[in-house]
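What the coordinates show
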Amino acid sequence: MASSGCVDRLGARLSPGRRRGPPRIDKHAQIFLRRQSPPVYVEAVPGHSGRDNGRGDVNCRGVADHGAVMNPTAQPSDPGTPSLAVPPLFAALAPARSILIAGAGGGFDVYAGLPLAFALWRGGAQVHLASLSFSELELIDREAWVAEHVAAVQPDTASPDWYFPERTLARWLAAQELPSTVYAFPPLGVQPLRAAYRHLVEHLDVDAVVLVDGGTDVLLRGDESDLGTPVEDITSLAAVAALEVPVKLVTSLGFGIDAYDGVNHVQVLENLAALDRDGGYLGALSIPGSSREAALYRDAVADAQAATPDRPSIVQGQIAAATSGAFGDVRFSRRTRGGDLFVNPLMAIYFTVDLDKLAARCLYLDRIENTIGRRQVITRIQAFRDELLNARVPRAFPH
């Protein structure tokens, strides 16, 4: 059931407040578009070049200058205009040489980035994975630490901690003969987490960062009826927002899951609409259930559930079930007993936004900017909510 307040991922409760465009596509992306789209054939009128006349029209045989007949798969005349032919998420990442996909909310959130990573790897991109970790990283080998607050977790990284999603993922990746290093950060405040991200960006020559949230609470701005579990997500958002990286995105997978923690998803949609008006929404992209990416993702989630049978990820379990066509109150773990799940196709859709535009809309990001520890983040978000006079009234879906 939905909680009356916000509970962060390690159980800290945050009480509710009192009631009161996508990046332009450069030449590299255009090359990607041409590779992905069928050729466009336009027969020009004799004596005309067949080029755009400046009004978006093309002179074609039998058609006056004020109209055009074109293949419906044709690319728009302006290369910066998004097109249905290529998802804006992939168009935005096409120029990148080194992409960092990081779990924003900690724990198993990095798994939500796997379908995207599989597709990028298959296309030849260099992709690195990172995770805000809830494991006891202080127990791992000293050799695993590549910088302060940055551990490079390998399949053979030793640790007595039974809950270690990063190592579980590294072992699964190695078994698939995929890049198997998963970088891990301990729970931190904004300043040290930013330093950790900056090290990775420089060390790996990263020119694109994608923060991935298993759920939707990273998309909340602060004045919603409830914030879900925002602590890690918003700390990650604030940390990356100040980095000088050409491409910075946030993508959310698992729409509806955070209703358990009180999130009103009508307000999530309202936020996405506002970002769309600001040019910061890159659209929604469904993971086809029969795709190679979905099959590998389900296998990775099943492997993680087997590795942590006492605490499997409820979020990733629901997303995996959604990619297989499951619907409704699907049971895959004893942890879901006593609650009603609503697994559905919306959970298998990436909702992607521009990171900087999302950060600009967050009403309390400045309050956590100078934090060092996680507890500071919790108390400052709580203080903001306590002072909030006009939280938005939650609404039910009208249909």
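Whatever comes next refers back to the structure up there.
How each quantity is defined
- Numbers given to residues run from 1 along each chain, matching the order in which its sequence is written.
- Two thresholds apply to this predicted model, a pLDDT of at least 70 for residue-level local features and 80 or more for giving and counting side-chain atom pairs, whereas whole-chain, interface and lining totals are computed over all residues.
- Heavy atoms throughout the structure, all of them, feed into the side-chain values; hydrogens and water do not.
- Where helices and strands are cited, they refer to DSSP runs of H or I of at least four residues and of E of at least two residues respectively, numbered from the N terminus.
- Residue exposure (1.4 Å probe, protein chains only): buried if accessible area is under 20% of the type maximum, exposed if over 50%, otherwise partly exposed.
- Pairing between strands requires that DSSP locate at least two bridges from one strand to the other.
- Here the axes come from fitting lines to C-alpha atoms, over the contacting stretch only for helices, and the angles between their N-to-C directions go from 0 to 180 degrees.
- Note on contacts: a residue pair is in contact if any heavy atoms of the two residues lie within 4.5 Å.
- Stacked, tilted and edge-to-face pairs are distinguished by plane angle, under 30 degrees for stacked and over 60 for edge-to-face with tilted covering the rest, among Phe, Tyr and Trp rings (Trp via its six-membered ring) whose centres lie within 6.5 Å.

With that settled, the discussion passes to unusual backbone geometry. Unlike most non-glycine residues, His 149 shows phi in positive territory, near 70°. Residue position: His 149 is located in the loop between β5 (145-147) and β6 (150-153). By relative accessible area, which is 24% here, His 149 ends up partly exposed. Phi is positive for Glu 177, close to 60°, though the residue is something other than glycine. Along the chain, the position of Glu 177 falls in the loop between α4 (165-175) and β7 (182-185).

Read across the open sheet, the 9 strands follow the order β5-β6-β7-β4-β3-β8-β9-β11-β10; overall the sheet is mixed. Of all the strands in the sheet, the pair left with one neighbour each is β5 and β10 (281-286). For this sheet the average axis-to-axis angle between neighbouring strands, irrespective of direction, equals 25°. Taken together, the 7 bridges between strand β8 (residues 208-214) and strand β9 (residues 247-253) define a ladder with parallel strand orientation. Bridge assignment links Asp 213 to a residue of β9, and that residue is Ser 252. In this fold α4 packs onto β4 (126-132), β6 and β7, with an angle of close to 175° to the strand it touches most, β7.

This next bit is on the environment of Glu 270. Here Glu 270 lies in helix α7 (residues 265-277). Taking relative accessible area as the criterion, Glu 270 reaches 43% and is therefore assigned partly exposed. Residues Glu 270 and Leu 220, spaced 50 residues apart in sequence, show a C-alpha to C-alpha distance of 9.9 Å.

Attention shifts here to the packing of aromatic side chains. The relation between two aromatic rings is expressed through the spacing of the ring centres and the mutual angle of the planes. Inspection of every chain in the model, using the stated rule, returns 9 aromatic pairs. Here the aromatic rings of Phe 255 and Phe 351 are separated by 5.4 Å at their centres, their planes lie at 40°, and the arrangement is tilted. Of this pair, Phe 255 sits in the loop between β9 and α7 while Phe 351 sits in strand β11 (residues 349-354), placing them 96 residues apart in sequence. You can call Phe 255 buried: its relative accessible area is 6%. On the basis of an interplanar angle of 40° and a centroid distance of 5.2 Å, the ring pair of Tyr 364 and Phe 384 is categorised as tilted. You can see Tyr 364 sitting in the loop between α10 (355-361) and α11 (365-368) and its partner Phe 384 sitting in helix α12 (residues 374-387), a full 20 residues away along the chain.

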